[in-house]
Every structure is written in C-alpha cells, then in structure tokens.
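# Fold and geometry: a report
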Amino acid sequence: MTSKSSEFLLAIDIGGTFTDLTVFDTRRHELMAVKCLTSYEDFILAVDQCMSALGLTMADAISFKHGTTLVINALLERKGARTVLLTTRGFRDVLEIARGNRALPFQMHYRKSDPLITREWRFEIDERVDAQGHVLRAPDLDELDQHIDSWKKQGVESVAISFINAYANAANEKIVQDHLRHRCPEWFITSGSGLSREWYEYERTATASANAFVGPQVGHYVQRLDQALNERRYQSGRYFMGSGSGVIDFETARAEPVRLVESGPVGGVVGAAAYAQALGLSHVVAFDIGGTTAKCALVKDAHFDVKTSYWVGGYEHGFPIRSSIIDIVEVGAGGGSIAGLDPDGRLQVGPRSAGSFP
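The present account deals with the structure reproduced in this document. Small disclaimer: the values here were computed from a predicted structure and weren't measured.

A few words on the pattern of salt bridges. In this structure the tally under the stated criterion is 24 salt bridges. Residues Asp-42 and Arg-224 are paired through a salt bridge, measuring 3.0 Å at the closest nitrogen-oxygen approach. Placement of the pair is Asp-42 in the loop between strand S3 (30-37) and helix H1 (43-53) and Arg-224 in helix H7 (residues 201-231), with a sequence separation of 182 residues. With its nearest N and O atoms 3.6 Å apart, the salt bridge here joins Glu-231 to Arg-232. Exposure remark for Glu-231: the relative accessible area of 48% places this residue in the partly exposed category.

Pasting the structure below:
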C-alpha cells in the first residue's frame, strides 16, 4: 500500500496491557487493525510500533482520535499524584462521611473503600459562602500561604479545592485557585465548581479530588502526545474520546481528565450500538475485558444510556464522579489482574495488574 494515494482516519486505544490501532482508508474504503504491547516508558512508542506494522506514518493521517484507560486505571489502582484537598473549615471529612448510608445493609462485614485522599492530606481554610451564594467570609490567604509552604516541603503535586456552597457562588474557590496558580505554577490546581455547578456536596468534592489525583499524570501524557504528533508531522485535528461518547480536545483533556474516566471502553459501547442497529438486534450486552479491568454496558434499541454520575470501583464500594458518562459498569479485574490473599486470608483479584511486561 502506498500512503501517498491514501488518507487515513486513525483510532487509537492505549490500555494497561495492549495498545490497539485501527485505520480506515477513506479513499480505498479499507479497514486495518493491529495490536502492540503498551510501552509504559513512553506511550507513543507503542503507537509507532503499530503504525510501522501497517507501513504507515502519522503524516498520512487526516484524523486522530484516542481512547485510553489511563485515568480509570490510575483511579482503581490508586496510582496518582500526591494530592491535597482544601475545603471549608468544618468540612474536612466530607469524603469520609460520603452519603452517610450503608449501601449493603445485610453484609455484616461490609467496609467502604478508603477515600481517594486520606485525612492527613485534607486541609481546612477559613472561608464561607451561604446557601444563597452570599460571601460571608473571604478566604484567609495568609492561612493558605502557611499551608503552601508546608505542602512544598512535603512534595505536593496537585491541589483540589472544594468549598461548601461553591455551586451557588464560586468566587472564593476562584480566589484560592488563582492564588495557588500564582504561588505554585508547577502544581495541578482544580476546583469542584469548575467541574460541576450542582449542589451535591460529596459528589462535587469527590470529582475535584479525582481530577486532581490524576491531573499531573494525564497533563504530562497529553503534552507528550501533542509534542509527539507534531514531531511526526501530523497536522490535523486531534481528540480524545470523551466518556459521554463524544470527543474532547487536548486542552480540555489536560484541564479536566475526569472526563476521560471511561474514554477507552465507551468506544466499544458506541460500536456495539452501531452493530446492533445494523444487525437488527434490539437488546445487546456490550462486554469488554482488558488486561486491567472488565467493563459491561447494555444497549437497547440501538441506544445506550448516558448518566450524570459514575461510581469508580462500583456503587457499593467506590466513589462518585459527576460528569456525562455512558452507563457502563467497570470492575478492577482483567486478564492480567494480580491475585493474592487479603489480611483475612481471602482470595482477592485485582485491582493491580501485571501490565504489558509482567
């Protein structure tokens, strides 16, 4: 095949074990696919291997769409940045209290998963906005500066800001966010009101925490990928698969990585819905088992549901993210999951995975 007479649409999915590349030749109407081991030292190397296996170069492409399980894997395996949660005085334990309910009331030994950000990394600041959005107290920036000096010594990389009633007025969150970015431009800073303006206090805080937890890792990855595409003379649009089934640009992905939480799996659900419609199937189960996780979604009359909340690790044990996400269930058990015994001697599979080089 000669690339000069062809134009290609590229679709790439980088998983914890394999990197999959699908290419559609718009002139010849040919579809090609190849699979390579994910290269953890530099993810783009696996993409290069896939392109080389097909005899293509990035310069031949006119579209680049990318799905990845990088975010969900990092959240499930708790492999993220050293993250601080900054909240209103008196609300340090929002993540711990959560909804205050017992999701599995008849399981005597039920235990919720630990919060994504443990208590030692959750801090309070003197500020307050009331339920009507009136600012009662502006943030105490002198108090914040004391925290910043301490955090720098402890190697903090990322900060999540979530103040009570910030959905009604985000002014205090913005003051703190701007101050942190001025003092610590190298840190990843995110706010709950920047991701969700709904009143759900726990969900907003959990979403901000998750965004900050994976922010530095995803930001570095997006920057490296953008640079690599430029180096390979790719000139056209570049997008990530969004969890709600659409696409988002690189800049949005860098600022709001939680929107990529199901970036890889949702492509399979969208494809399953298209196949169901083409084959006249009204009820379909879309199931995808990867090296790190297994995912499942339901397709009815060629349509899938899109929810405004997603539970990382399952509703009973996980934590919520407020974002537009296809209704998909994911568990931390895949083909490469590591099995072992928990402290009580019971068999536990995952969420840690052997990856592409066990």
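On to the pairing of strand S14 (residues 294-300). As defined by bridge partners, strand S13 (residues 283-289) adjoins S14 across 7 bridges and the pair is classed as antiparallel. Each residue of the ladder has a partner; that of Phe-287, found in S14, is Cys-296. A loop of 4 residues connects S13 with S14, the two strands running antiparallel in sequence. Bridge analysis of S14 against strand S17 (residues 328-331) gives 4 bridges, and the strand direction is antiparallel. In the sheet register, Lys-295 faces S17, and the bridge partner there is Glu-330.

Turning next to the sheet that holds strand S10 (residues 188-191). Across the sheet, 4 strands lie side by side as S6-S5-S9-S10; this open sheet has parallel pairing. Every other strand in the sheet has two partners, leaving strand S6 (122-125) and S10 as the edge strands with one partner each. Strand after strand, the sheet turns through a mean of 20° between neighbouring axes, direction not considered. Looking at chain direction, strand S5 (residues 83-88) and S6 are connected through 4 bridges and run parallel. From the neighbouring strand, Thr-87 faces S6, where its bridge partner is Glu-124. Relative to the sheet, helix H4 (residues 141-153) contacts S5, S6 and strand S9 (158-162), its axis offset from that of S6 by approximately 160°. Running at roughly 165° to S9, H7 makes contact with S5, S9 and S10 of the sheet.

Looking now at a nonpolar patch on the surface. Together, Val-285, Phe-287, Ile-289 and Leu-298 make up an exposed nonpolar region whose accessible area comes to about 450 Å². No other element matches the 3 residues that S13 contributes to the nonpolar patch. Its location among the elements puts Leu-298 in strand S14.

A few words now on the packing of aromatic side chains. Taken as a whole and assessed by the stated rule, the structure comprises 7 aromatic pairs. Ring centres 6.1 Å apart and planes at 55° place the aromatic pair Phe-64 and Tyr-234 in the tilted group. In this pair, Phe-64 is assigned in strand S4 (residues 61-68) and Tyr-234 in the loop between H7 and strand S11 (238-241), connecting sequence segments 170 residues apart. With a relative accessible area of 1%, Tyr-234 lands in the buried category. A ring pair is formed by Trp-199 and Tyr-200, whose centres lie 4.6 Å apart and whose planes are at 20°; its orientation type is stacked. The exposure class of Trp-199 is exposed, given its relative accessible area of 52%. Residue class for Tyr-200 comes out partly exposed when judged on its relative accessible area of 26%. Here the aromatic cluster, defined as three or more aromatic residues joined through ring pairs, consists of Phe-43, Tyr-221, Phe-240 and Phe-250.

This part is about H1. Listing the buried residues of H1 in full gives Phe-43, Ile-44, Ala-46, Val-47, Cys-50 and Met-51. Taken around the axis of H1, the buried residues stretch over an arc of 155°, which confines them to a single face. Relative to its buried face, H1 has exposed residues pointing more than 90 degrees away, namely Ser-52 and Ala-53. At its buried positions, H1 is contacted by strand S1 (8-14), strand S2 (18-25), S3, helix H2 (70-77) and H7. Where H1 terminates, the next one or two residues include Gly-55, which has phi positive at roughly 75°.

Further remarks concern unusual backbone geometry. Backbone phi values are negative for most residues with the exception of glycine, while trans is the configuration of most peptide bonds. Positive phi outside glycine occurs at Ser-245, with the angle close to 95°. Among the secondary structure elements, Ser-245 is positioned in the loop between S11 and strand S12 (247-249). Located in the positive-phi region is Asp-301, a residue other than glycine, with phi close to 55°. The residue Asp-301 is located in the loop between S14 and strand S15 (306-312) in this model.

Cut-offs applied
- Residues numbered from 1 in each chain as written.
- Predicted model: local features only at pLDDT ≥ 70, side-chain atom pairs only at ≥ 80, totals over all residues.
- Heavy atoms only, no water.
- Salt bridge = Lys/Arg side-chain N within 4 Å of Asp/Glu carboxyl O.
- Helix = DSSP H or I, 4+ residues; strand = E, 2+ residues; numbered from the N terminus.
- Buried < 20%, exposed > 50% of the residue type's maximum accessible area, 1.4 Å probe, protein only.
- Pairing = 2+ DSSP bridges.
- Axes fitted to C-alpha atoms, helices over the stretch in contact; angles between N-to-C directions.
- Contact = heavy atoms within 4.5 Å.
- Patch = residues over 30% accessible without salt bridge, like charges linked within 9 Å, V, L, I, M, F, W, Y side chains within 5 Å.
- Areas by Shrake-Rupley, 256 points an atom, 1.4 Å probe, with all protein chains shown as cover.
- Phe/Tyr/Trp six-rings, centres within 6.5 Å; stacked < 30°, edge-to-face > 60°.
- Arc of directions from axis to C-beta.

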